[in-house]
Amino acid sequence: MLGEESLFEFYRDHATRVLLPFWMSRALDESNGGVYTCFNNEGTELVSRDKYTWSQGRFVWVLSRLASLCNRGVLDEDAERCLEHAGKTVRFLRTHAILENGNCAFLLSETGEKKESVPGHGFDTSFYADCFVVLGFSEYARVAMDAEVLEAALSLYDRVVARLRSGDARSEPYPIPEGYEP
């Protein structure tokens, strides 16, 4: 059985040798901002350049946390590059994902055009996308000490809470079963 220190070294080694090289070299969209996440199960082929907003929010969080861990010497990656791309993804989301009603579009094209994941069902089909953007923006704001992004996170959070209270929170592709509430 691995001890705590050995387990930490195992995960740090795996992150450094396997996970980070894959994502940092193949997934960052340097020209548009955002991250490509639609790879086949083997990770050998990018099957779509579409950008699901919840994945983008998750990656803002991951890249921001990664920058923080690197700055503290826990991991050996380029902290500045991580935080810079997290910021690019924040700008991509703020420019393209936020709809006029204050909700997030669930799906965007590579360059940020809003797409309906199910034709005829609109753009804001899952409040979970909004939740992941809130988490990503919050972590980025903490690490980058960016009060403007924190305000955007709080505004989006307030919108999520209002939707939940009003019963107007859609959750596709995982709709809330009859008799349950989000």
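What you see is a predicted model, and the numbers here were worked out from it, not measured in a lab.

The rules behind these values
Here the residue numbers are simple positions, counted from 1 along each chain's written sequence. Under the rules for a predicted model, residues below a pLDDT of 70 receive no local features and side-chain atom pairs below 80 are neither given nor counted, while totals for whole chains, interfaces and linings still include all residues. With hydrogens and water set aside, each side-chain value is computed from the structure's full complement of heavy atoms. The way it works is that DSSP assigns letters per residue, a run of H or I at least four long becomes a helix, a run of E at least two long becomes a strand, and they are numbered from the N terminus. We compute the radius of gyration from the C-alpha atoms alone; for a globule the expected value is 2.2 Å times N to the 0.38, where N is the number of residues. Classification of residues uses two cut-offs on accessible area relative to the type maximum, computed with a 1.4 Å probe and protein chains only: under 20% is buried, over 50% is exposed, and between them is partly exposed. Any pair of residues with heavy atoms lying within 4.5 Å of one another is described as a contacting pair. Using a 1.4 Å probe, the Shrake-Rupley method yields the accessible areas, and only the shown protein chains count as cover for residues. Note on definitions: salt bridges are taken to be side-chain nitrogens of Lys or Arg within 4 Å of carboxyl oxygens of Asp or Glu. Planes of paired rings set the category: under 30 degrees apart is stacked, over 60 is edge-to-face and the rest tilted, where pairs are Phe, Tyr or Trp rings (Trp by its six-membered ring) whose centres lie within 6.5 Å. Only buried residues count toward a nonpolar core, which is a set of Ala, Val, Leu, Ile, Met, Phe, Trp, Tyr and Cys residues joined through side-chain atoms within 4.5 Å.

Enquirer: How would you explain the overall build of the chain if you had to name every residue and give the values?
Expert: The helix and strand inventory of the chain stands at five helices and five strands. Starting at the N terminus and walking to the C terminus, you meet the elements of the chain as α-β-β-β-α-α-β-β-α-α. For a compact globule of 182 residues, the expected C-alpha radius of gyration is about 16 Å, and the chain comes in at 17 Å, within 12% of that figure. Principal-axis analysis of the C-alpha atoms places the extent of the chain at approximately 50 × 40 × 35 Å. Looking at the chain as a whole, 41% of its 182 residues qualify as buried. In the chain, once contacts between residues fewer than 6 apart in sequence are set aside, the share between residues at least 24 apart is 54%. Taken as a whole, the chain presents about 10400 Å² of accessible surface, with 53% of it coming from carbon and sulfur.

Enquirer: Describe the pattern of salt bridges, listing the residues and the values that go with them.
Expert: Charged atoms that come close allow side chains of opposite charge to pair. Here the structure, examined in full by the defined rule, presents 12 salt bridges. In this structure, R49 and E110 form a salt bridge, with 3.3 Å as the shortest nitrogen-oxygen distance. Taken together, the residues span a long stretch of sequence, with R49 in the loop between β2 (46–48) and β3 (51–52) and E110 in the loop between β4 (107–108) and β5 (114–115) at a distance of 61 residues. R49 gets classed as partly exposed once you look at its relative accessible area, which sits at 43%. Of the residues examined, E110 reaches a relative accessible area of 23% and is grouped as partly exposed. We note a salt bridge from E172 to R170, for which the minimum N-O separation is 3.7 Å.

Enquirer: Give me the packing of aromatic side chains: which residues, what numbers.
Expert: Enumeration over the complete set of coordinates arrives at nine aromatic pairs. Ring centres 5.1 Å apart and planes at 75 degrees place the aromatic pair F10 and Y11 in the edge-to-face group. On the basis of relative accessible area, F10 is assigned to the partly exposed category, the value being 45%. Where W23 meets F59, the ring centres are 5.0 Å apart and the plane angle is 50 degrees; that geometry is what we call tilted. With W23 in helix α1 (residues 4–26) and F59 in helix α2 (residues 53–71), this residue pair connects regions lying 36 residues apart in the sequence. You can call F59 buried: its relative accessible area is 15%. The structure contains a cluster of three or more aromatic residues connected by ring pairs, namely F22, W23, F39 and F59.

Enquirer: Explain unusual backbone geometry to me, using residue names and the numbers behind them.
Expert: Of all residues except glycine, most have a negative phi; of all peptide bonds, most are trans. The omega torsion across E172 and P173 is 10 degrees, close enough to zero to call that bond cis. Tracing the backbone shows P173 in the segment after α5 (147–166). For M145, which is not glycine, the phi dihedral falls at a positive 55 degrees.

Enquirer: Which residues make up the nonpolar core, and what values go with them?
Expert: Ranked by internal contacts, the top residues of the largest apolar core, which has 37 residues, are L63, L93, F137 and Y140. Residue assignment for this core shows that the elements contributing at least two residues are α1, α2, α3 (79–96), α4 (127–144) and α5. It is α3 that provides the largest number of residues to this core, a total of seven residues. Leave out the neighbours within four places in its chain, and L63 touches M24, L28, C82, L83, H85 and A86.

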